[in-house]
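# Close look at the chain arrangement
Residue-level listing of the chains:
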Amino acid sequence: MTHRQGLPNLNDVCQYLGAVTLLGLLAALLFRWRDPEVRFFAGCALLALLLAFGKFGPLYRFFFAIPGMDTLRNPIKWYYVVSWCAGILAALGLARVSEPAEGPSPRRSAALLGALPGLLVLGLGGLLLARLAQTPFFFWQQPALVRRSAESLGLAALFWGLGGFAFFLMLTGRRPGKPAGARQLGMALALGVMAAELIAVNRAYMPYHAWAPETNGGPFSPFLKTEIG
């Protein structure tokens, strides 16, 4: 009997945190690092993230050797712990930047926190997209994947731009004697961006389609069949 190497099984898993969540997490690390709960959840998130990398990370083979731990199978499940910890840290960070400050918040620092993380994420995304377009292995799926990736990068620029501006409003509005309107507007904008991100990321799952044996759900399987296959 001859066995042929085919395409590996694809596990369509969507893991997404969002610009506002990541900016809130960063604010918690910057402004509340002395708080015990911030250190605890940051440590848990880092440990779970290293485990989520599986065999590509430094810790999973030691964890996998513990009796009974090999029943957990997919390491990506640890990313749910990362998302949970990140959400808590983001809430702590948003609570800090949305309240009045005892001292002034320099506009330059507020602008850096609002703009620099987004520029870094978009820059890395652009480099990855350029690398994908030049990889010969993906010649048969390059046009569809590049188009979809470019659309995602454009949405990311929109969300990171609006989310960064929301944090800029909240940070500059914390200065003593400053009206609370800027902070309230920033918080409302941040909540609006979070809702828009949630809709944009999950639009491929709506409306709900009943599961069928030939498909494993999620947006990637239909994408492979209609736009690549």
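Residues numbered from 1 in each chain as written. Predicted model: local features only at pLDDT ≥ 70, side-chain atom pairs only at ≥ 80, totals over all residues. Heavy atoms only, no water.

### Details of the overall build of the protein chain
What the protein chain contains, in helices and strands, is 8 helices and 0 strands. Mapped in sequence order, the helices and strands of the protein chain form the string α-α-α-α-α-α-α-α. Scored against the burial criterion, the 229 residues of the protein chain give a buried share of 30%. Within the protein chain, contacts between residues at least 6 apart in sequence are counted, and of these 74% link residues at least 24 apart. Here the protein chain has roughly 14,800 Å² of accessible surface; of this, 68% comes from carbon and sulfur atoms. (Helix = DSSP H or I, 4+ residues; strand = E, 2+ residues; numbered from the N terminus. Buried < 20%, exposed > 50% of the residue type's maximum accessible area, 1.4 Å probe, protein only. Contact = heavy atoms within 4.5 Å. Areas by Shrake-Rupley, 256 points an atom, 1.4 Å probe, with all protein chains shown as cover.)

### Thoughts on the nonpolar core
Counting residues in hydrophobic clusters, the biggest one holds 19 residues, and the most contacted among them are V20, V97, F167 and M170. Of all elements in the fold, only α1 (19-31), α4 (78-97), α5 (107-133), α6 (142-172) and α7 (181-202) reach the threshold of two or more residues within this core. In terms of residues, this core owes the most to one element, α6, which gives 8 residues. Every residue in contact with M170, bar those within four places of it in the chain, is listed here: L94, V97, S98, A182, R183, G186, M187 and A190. (Core = buried A, V, L, I, M, F, W, Y, C linked by side-chain atoms within 4.5 Å.)

### Focus: the packing of α1 against α4
At a minimum axis distance of 7 Å, the contact between α1 and α4 shows a crossing angle of 70°. By the criterion of interaxial angle, the relationship of α1 to α4 is roughly perpendicular. The interaxial crossing formed by α1 with α4 has left-handed handedness. Side by side, α1 and α4 meet where V20, T21, G24, L25, A27, A28 and F31 of the first sit next to A86, L89, A90, L92, G93, L94, R96 and V97 of the second. Partitioning the contact of α1 with α4 into residue classes produces 11 nonpolar, 3 polar and 1 charged. (Axes fitted to C-alpha atoms, helices over the stretch in contact; angles between N-to-C directions. Parallel < 35°, antiparallel > 145°, perpendicular 65-115°, else oblique. Left-handed = near helix turned anticlockwise from the far one by under 90°. Nonpolar A, V, L, I, M, F, W, Y, C, P; charged D, E, K, R; others polar.)

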